[in-house]
Protein chains: 2
Amino acid sequence: MFKLLNSDKLVTQTEISKESGLSQQTVSRKLKELEEEGIIQRIIIKDGEYIKLTDKGEEELKRCIEDILQLIMRTKILHIKGKVTAGLGEGRIFLSIPYYIESFKKYLGFEPYAGTLNIVIYDRISLENRLILDLAKGIIIPEHKEPNRVLGSVKAFPSSINSISPAAIVIPARTTHPKSVVEIISPYYLREKLSLKDGDEVEIEVYL
Amino acid sequence: MFKLLNSDKLVTQTEISKESGLSQQTVSRKLKELEEEGIIQRIIIKDGEYIKLTDKGEEELKRCIEDILQLIMRTKILHIKGKVTAGLGEGRIFLSIPYYIESFKKYLGFEPYAGTLNIVIYDRISLENRLILDLAKGIIIPEHKEPNRVLGSVKAFPSSINSISPAAIVIPARTTHPKSVVEIISPYYLREKLSLKDGDEVEIEVYL
DNA sequence: ATTACTATATTCCGAGTAG
DNA sequence: TCTACTCGGAATATAGTAA
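Residues numbered from 1 in each chain as written. Chains lettered and ligands numbered in written order. Predicted model: local features only at pLDDT ≥ 70, side-chain atom pairs only at ≥ 80, totals over all residues. Heavy atoms only, no water.

Colleague: I'd like a description of the packing of helix α2 (residues 13–20) of chain B against helix α3 (residues 24–36) of chain B, backed by residues and values.
Modeller: Residue and element names in this part refer to chain B. Where α2 contacts α3, the axes come no closer than 8 Å and their chain directions differ by 105°. What the angle tells us is that α2 and α3 run roughly perpendicular. Side by side, α2 and α3 meet where Gln13, Thr14, Ile16, Ser17 and Ser20 of the first sit next to Gln24, Val27, Ser28 and Leu31 of the second. A per-class count over the contact of α2 with α3 returns 3 nonpolar, 6 polar and no charged. (Axes fitted to C-alpha atoms, helices over the stretch in contact; angles between N-to-C directions. Helix = DSSP H or I, 4+ residues; strand = E, 2+ residues; numbered from the N terminus. Parallel < 35°, antiparallel > 145°, perpendicular 65-115°, else oblique. Contact = heavy atoms within 4.5 Å. Nonpolar A, V, L, I, M, F, W, Y, C, P; charged D, E, K, R; others polar.)

And the structure:
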């Protein structure tokens, strides 16, 4: 049932019924209820219907994931692997702003080196774990208003990279990054400390 | 209900009942069912019970998270299958131009092998997914002007091919390709690495 | 084909209560 | 106190159809 729910494709209740093991009638009723609750939006035409999650629906599902995470994250460690890449860095801008440097020191306990290490993710598991970071709590460095600009909030996750710590994945609240890139800060110049060059694979352990 | 489920603390069904809004009787029955299904493990004593998720339970919950992620992911995974074909490659031209090689390294995190793998799509679903790529953001390798020529921008999507990654689908901004062909780059010589010959079917996972 | 209504069948919940 | 049973009523699912 779920898999077909956020499709931009035309689906029929019979298809959903087969996939979910429920009857077509139950699917009909459930979809109607979900629509009435504002979880999904439907366009019904002669040959079937188009179904889309609403923002509210997305929020609810994110809450579900958070609840589940609370449960299974006794292990509290996620693994993300990827390859070192240049550029793409919004993070290095943060590292030139005293407010963020002070905040990292205060919230993470270390003074960050003046640049970030950018990692491109290319496998499904790591990508999923990266998406979980969007939903997980993390350490929030709060928004900071200055006379002529607003410094947006940043979420950070204490991590180790190739077994070196401390380090942290930082995710700006407003990012233009694709979800397949993460930025690491650390007190060390990691490229040197780990002898990394573009394309080298690294393994990140993220502590939730 | 959930929050108390993985506790190493002693909990009573009345507590869970209050937290979940269900009756103590229902909690009793549900816990019994979960235990019989092997999702949780319980130690019941006079003052309450200790409840722990089993490995199976944890797996099931992880599957739930994956399902939900599939639904809400802006970063979606698309599947495209097709058959290996020779020629048609505009891509191999890119791979002889240093600017593109450097850019692929920078934006994708790997140094591409000097040739592309061309895939012909022949089924409706894959074709639809291919068309979605035209609309999706992807990773843009920007246009580059040189004294005597302009190197057009290229859109890339991190992918895996027959579970081998890293790899990327590359789509030139100005292409003469039909929409039913995609070009893959990778650090590997994929034909050899995957023992492919013309006409072999491959499955591509694309990360949006 | 579709989606969805109505009436019947099944499942589920919780009050009372036992152990 | 605990957990867990029985059982009647409520909620939910399906079969048969309508539109």
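Colleague: Residues and numbers for unusual backbone geometry, please.
Modeller: Glycine aside, the phi torsion of most residues is negative, and most peptide linkages are trans. Residues and elements named next belong to chain A. The omega torsion across Ser165 and Pro166 is 0°, close enough to zero to call that bond cis. With phi around 45°, Asn162 is a residue other than glycine that occupies positive phi space. Mapped onto the fold, Asn162 is located in the loop between β8 (154–161) and β9 (164–172). Taking the relative accessible area as the measure of exposure, Asn162 reaches 30% and is therefore partly exposed. (Buried < 20%, exposed > 50% of the residue type's maximum accessible area, 1.4 Å probe, protein only.)

Colleague: Can you break down the UniProt feature "binding site: CDP" (unreviewed entry) in chain A residue by residue, with the values?
Modeller: All names here are of chain A. Within this numbering scheme, the UniProt entry marks Gly87, Leu88, Gly89, Glu90, Gly91, Arg92, Tyr188, Tyr189, Leu190 and Arg191 as carrying the feature "binding site: CDP" (unreviewed entry). Relative to the helices and strands, Glu90 resides in the loop between β3 (77–85) and α4 (91–94). Looking at the element boundaries, Gly91 is found in helix α4. (UniProt positions renumbered as here; feature names shortened; annotations may be inferred.)

Colleague: Before we move on, can you summarise the pairing of strand β3 (residues 77–85) of chain B with the specific residues and values?
Modeller: Residues and elements named next belong to chain B. The sheet contact formed by β3 and strand β11 (residues 201–207) spans 7 bridges and is antiparallel. By the bridge assignment, Ile80 is partnered in β11 with Ile204. Here 3 bridges tie β3 to strand β4 (residues 117–120), and the two strands are oriented antiparallel to one another. Residue Val84 lies in a different strand from β4, and its bridge partner there is Ile119. (Pairing = 2+ DSSP bridges.)

Colleague: Pulling in residues and values, what's your account of the protein's contact with DNA strand C?
Modeller: Taken together, 18 residues sit near DNA strand C, with Gln24 of chain A together with Ser23, Gln25, Thr26 and Arg29 of chain B positioned nearest. Counted by atom, the contact set of DNA strand C within 4 Å of the protein is 61% sugar and phosphate. Here a phosphate oxygen of DNA strand C and a backbone polar atom of Gln13 of chain A are 3.3 Å apart. Within the side chain of Thr26 of chain B, an N or O atom sits 2.7 Å from a phosphate oxygen of DNA strand C. Only α2 (24–36), β1 (40–45) and β2 (48–53) of chain A together with α3 of chain B provide two or more residues apiece to the surface near DNA strand C. Across the surface near DNA strand C, the residue classes break down as 3 nonpolar, 9 polar and 6 charged. (Near = heavy atom within 4 Å. Polar contact = N/O pair within 3.5 Å; in protein donor to acceptor, adjacent residues only side chain to side chain.)

Colleague: Please give an account of the domain arrangement of chain A that cites residues and values.
Modeller: Here the domain parsing of chain A yields domain 1 (13–64) and domain 2 (77–207). Measuring from the centre of the C-alpha atoms in domain 1 of chain A to the corresponding centre in domain 2 of chain A gives 37 Å. (Domains from an automatic or database assignment.)

Colleague: Outline the environment of Glu183 of chain B, supporting the account with residue identities and numerical values.
Modeller: Turning to its location among the elements, Glu183 of chain B is positioned in strand β10 (residues 181–185). At 2.9 Å, the side chain of Glu183 of chain B and the side chain of Thr116 of chain B are in polar contact.

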